[in-house]
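Tertiary structure, described
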Amino acid sequence: MAIPATLPTDIKKIREEFPVLSQKVNGRDLVYFDNAATSQKPRQVIQALIDYYQTTNANIHRGIHTLAERATKAYEETREAARAFINAESSEEIIFVRGVTEAINLVASSYGRAFLREGDEVIISALEHHSNIVPWQLICEQQKAKLRVIPVTDIGEIDLDAYGKLLSDRTRVVAVNHASNTLGTINPVAEITRMAHAHGAVVLVDGAQAGAHLDIDVRAIDCDFYCLSAHKMYGPTGTGILYGKKKLLDAMPPYQGGGEMIKDVTFEKTTYNELPYKFEAGTPNIADVIAYREAFRFILGLGRETIRAHEHDLLTYATERLTSMPSVKIIGTAPEKVGVVSFVVDGIHPFDIGQMLDARGIAVRTGHHCTQPLMDRYEIEGTVRASFAVYNTKEEIDRLAEGLQRVINFVK
Amino acid sequence: MNNETPRSIAAIQDEIIADFALLDDDAEMKVLYVMELGQKLPPMPDEDKTDENIVKGCQSRVWLTARLEGDRVYFTADSNTAITKGLVSLLIRIFNGQKPEAILASDLHFMNAIGMERFIGTQRTNGFSAMIRQMKMYALAFKTKMEIGS
Ligand SMILES: Cc1ncc(COP(=O)(O)O)c(C=O)c1O
């Protein structure tokens, strides 16, 4: 297979923006292929965190002094950046949360308590992350509602025919991911939403694996809720957003009580603040929210088309290389995928492969990837998963293939 | 056979440390070596691979059984992952043929000396401690049995 002599210069430049990438692990250049778990952070995000603590640190919204003003302004600028990033109508529809897990728990709990009744149904798919399964199980149990699961096909696509049959007038909520963290499948979320709306159900889209890779337009999808984790899209850990249509968010009760989210408190009655503050109780993660803005800038600065094209090249190359190895089987071969390659190897446990690759400085993830029901679907215990970001290269995929070949040869 | 005195636990540990010292502190060579040791482990009968024999606290599946021959303990083990199988084989090499008291009194230190945590990670290191615990539990059970029995 032809190996390009040098990296395209732009990728080299991009890599320079990520200090973490320039280290050696076990004596070799680090290959970071665990981006679906969390991506690395560019300098501008790291610098924003440092700047915030060195020049701005103040609690937001309640202060009138200069630092508080400055912090509040920066915090709200991220909200506007998030709105623009997903093309929401208004920044009131953007709620800062810890990440996708908290966003889904918020919706399941708040929307669920208010609107789910005995006999109602919630539909998820078989390729959901535990974060988009367990909150629904909890609320369904509490409200005596029923959880239904859309099956996935052999290649890893949501079975739309089966979905159509599951939908009924009892369906209240449909919750699916935009892209699967285990298989990479990009799901037809606009179509899924259209079908749900025809039955009067609301739709939540888990965008954890879309943030860094796909163009996101919540108005084009027309979903009712959309969730992102900053740390999976070059941003800091501990923050993310929940987008919700204003009409729905207004109708939903608060999720947590405390400061920030109230208008007036007496012991008899509390009136709640308006959106989005109603859902942001307590001092939020100010520093990380402010730095999150730089992650949006980073992605938009490169251009989502450019990112997608590069990652698609990587995916195609990795798929080719791995497919050419007879004992390797890729799990998840849908035509539309983000840069995720999950695979199993005949007779070798994923843990052993992961450990061997780590010994060669290659970071992959092994196991069930928080999608145990999906593993059951394919009757496997786990996979090895390589997931790509914009800074990865074909040379790194060659390193993966070499490492893999070495384990295979050894075990044979 | 039960009368032959095995080398001491300390001596076998030293031997293991010396073996790993030949591997140039190279993570990959160490991992491959551990896997190779696992491949040499005598097979465990399938009927022993029951849920009851699974060592709790390991990420991988590890089955462990023990038997007493005379006053000596012998372990058999297997795992669904090659590296873990290699790790348990190290323990079997140290403990097989020892007296229960010796196993109970043993203080295993070779792990640090070979830099085990660095090449297998913390999760597996925790699992490794679980295996040692389970082996000592067997030793304790045999010791008690011998005391009551005699
Ligand atoms: C598809 C998907 N949903 C949800 C999550 C949970 O995200 P977080 O842990 O950031 O809340 C993940 C993270 O792995 C994911 O991949």
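Residues numbered from 1 in each chain as written. Chains lettered and ligands numbered in written order. Predicted model: local features only at pLDDT ≥ 70, side-chain atom pairs only at ≥ 80, totals over all residues. Heavy atoms only, no water.

So, the side chain of Arg124 of chain B
Residue placement: Arg124 of chain B occurs in helix α6 (residues 116-149). Note on Arg124 of chain B: relative accessible area 8%, which makes it buried. In terms of polar contacts, Arg124 of chain B uses its side chain to reach the side chain of Thr84 of chain B, at 3.2 Å. Sequence-distant contacts of Arg124 of chain B, defined by excluding residues within four places in its chain, comprise Phe351, Asp352 and Gln355 of chain A together with Ser60, Thr81, Ile83, Thr84 and Leu87 of chain B. (Helix = DSSP H or I, 4+ residues; strand = E, 2+ residues; numbered from the N terminus. Buried < 20%, exposed > 50% of the residue type's maximum accessible area, 1.4 Å probe, protein only. Polar contact = N/O pair within 3.5 Å; in protein donor to acceptor, adjacent residues only side chain to side chain. Contact = heavy atoms within 4.5 Å.)

Side note on the packing of helix α1 (residues 9-21) of chain B against helix α3 (residues 82-95) of chain B
Residue and element names in this part refer to chain B. The interhelical angle for the contact between α1 and α3, taken along N-to-C directions, is 140 degrees, at an axis separation of 8 Å. Classed by the angle they form, the pair α1 and α3 counts as oblique. Contact residues: α1 offers Ile9, Ile12, Gln13, Glu15, Ile16, Asp19 and Phe20, while α3 offers Leu90, Arg93, Ile94 and Phe95. Within the contact of α1 with α3, the residues separate by chemical class into seven nonpolar, one polar and three charged. (Axes fitted to C-alpha atoms, helices over the stretch in contact; angles between N-to-C directions. Parallel < 35°, antiparallel > 145°, perpendicular 65-115°, else oblique. Nonpolar A, V, L, I, M, F, W, Y, C, P; charged D, E, K, R; others polar.)

Section: the nonpolar core
All names here are of chain A. Grouped together as the largest cluster of nonpolar side chains are 78 residues, with contacts concentrated most on Ile86, Tyr163, Val174, Tyr226, Leu228 and Tyr234. Looking at this core, the element that brings in the most residues is helix α10 (residues 286-302), giving 10 residues. Counting contributing residues per domain, this core is built from domain 1 (11-40 + 303-411) and domain 2 (47-300), each supplying no fewer than three. Setting aside residues up to four positions removed in sequence, Val174 forms contacts with Ile123, Tyr163, Leu167, Ile192, Ala196, Ala201, Val202, Val203 and Leu204. (Core = buried A, V, L, I, M, F, W, Y, C linked by side-chain atoms within 4.5 Å. Domains from an automatic or database assignment.)

Comments concerning helix α2 (residues 27-39) of chain B
Here α2 of chain B contains 13 residues, and its C-alpha end-to-end distance of 19 Å stays within 8% of the 18 Å for a straight helix at 1.5 Å per residue. For α2 of chain B, the tally of buried residues reaches 10 of 13 residues, placing the bulk of the element in the interior. The complete set of buried residues in α2 of chain B reads Ala27, Glu28, Lys30, Val31, Leu32, Tyr33, Val34, Met35, Leu37 and Gly38 of chain B. In the core, the buried residues of α2 of chain B are packed alongside β2 (28-29), α12 (350-359) and α14 (394-411) of chain A together with α1, α3 and α6 of chain B. A distance of 2.9 Å separates the backbone nitrogen of Glu28 of chain B from a side-chain oxygen at the start of α2 of chain B, and that oxygen is part of Asp26 of chain B. (Expected span 1.5 Å × (residues − 1).)

Quick look at the pairing of strand β14 (residues 340-345) of chain A
Residues and elements named next belong to chain A. With six of six residues buried, β14 is to be regarded as a mostly interior element. Side chains Val340, Ser342 and Val344 of β14 all project onto a buried face; the interleaved residues Val341, Phe343 and Val345 project onto the opposite face, where all are buried too. Strand direction decides the pairing type here: strand β13 (residues 328-331) and β14, joined by four bridges, are antiparallel. Across the sheet, the residue bridging to Val328 is Val345, located in β14. Summarising the sheet, β14 and strand β17 (residues 383-387) pair through four bridges and their orientation is antiparallel. Following the sheet pairing, Phe343 is matched in β17 by Val384. (Pairing = 2+ DSSP bridges.)

A short note on the pattern of salt bridges
Residues and elements named next belong to chain A. One pass over the full model with this rule turns up 40 salt bridges over all chains. For Asp215, the salt bridge identified is with Arg304, shortest N-O distance 3.4 Å. Linking Asp215 in the loop between β8 (202-206) and α8 (218-221) with Arg304 in helix α11 (residues 304-323), this pair joins segments that are 89 residues apart in sequence. (Salt bridge = Lys/Arg side-chain N within 4 Å of Asp/Glu carboxyl O.)

What to know about the site of the ligand
All names here are of chain A. In the region of the ligand, the neighbouring residues are Val100, Thr101, His129, Ser131, Asn181, Asp206, Ala208, Gln209, Ser229, His231 and Lys232. In the environment of the ligand, an oxygen atom lies 2.5 Å from a nitrogen or oxygen atom belonging to the side chain of Thr101. Residue Lys232 places a side-chain N or O atom 2.5 Å away from an oxygen atom belonging to the ligand. When the residues that make up the shell around the ligand are grouped by side-chain class, the tally is two nonpolar, seven polar and two charged. (Near = heavy atom within 4 Å.)

Focus: the interface of chain B and chain A
Every contact between the two is made by 18 residues of chain B and, on the other side, 14 residues of chain A. By the criterion of area lost to chain A, the three top residues of chain B are Glu28, Leu32 and Met35 of chain B, representing 37% of everything that side buries. Taken together, chain B and chain A are joined by five salt bridges. We note a salt bridge from Asp352 of chain A to Arg124 of chain B, for which the minimum N-O separation is 3.3 Å. At the surface where chain B touches chain A, the tally comes to 11 residue pairs in polar contact (both at pLDDT 80 or more). Of all the elements, α2 of chain B adds the most residues to the side of chain B that touches chain A, at seven residues. Its residues assigned to classes, the side of chain B that touches chain A shows eight nonpolar, six polar and four charged. (Buried area = accessible area lost by both parts, 1.4 Å probe.)

Some details on the domain arrangement of chain A
All names here are of chain A. On domain assignment, one finds that chain A holds domain 1 (11-40 + 303-411) and domain 2 (47-300). In this structure, domain 1 and domain 2 have C-alpha centres spaced 28 Å apart. Counting from both sides, the interface comprises 37 residues of domain 1 and, opposite them, 34 residues of domain 2. Carbon and sulfur atoms make up 54% of the surface buried where domain 1 meets domain 2, a total of about 3,000 Å² over both sides. Summed over the three residues of domain 1 that lose the most area to domain 2, namely Arg304, Val338 and Leu374, the buried surface amounts to 23% of that side. The interface formed by domain 1 and domain 2 includes two salt bridges. Between Asp154 and Arg377 there is a salt bridge; the shortest N-O distance is 2.8 Å. Where domain 1 touches domain 2, the interface holds 28 residue pairs in polar contact (both at pLDDT 80 or more). If you list the elements that add at least two residues to the side of domain 1 that touches domain 2, you get α11, β14 and α13 (372-377). Among the elements that take part in the side of domain 1 that touches domain 2, α13 stands out by supplying five residues, more than any other.

Observations concerning the pairing of strand β4 (residues 94-97) of chain A
Within a regular beta strand, the side chains point alternately toward one face of the sheet and then the other, so they alternate between its two faces. Residue and element names in this part refer to chain A. Both faces of β4 are covered, namely the face carrying Ile94 and Phe96 and the face carrying Ile95 and Val97. Two strands pair when backbone bridges link them, and β4 and strand β10 (residues 240-244) are joined in this way by four bridges, in the antiparallel orientation. Looking at β10, one finds that Ile94 is bridged to Tyr243.

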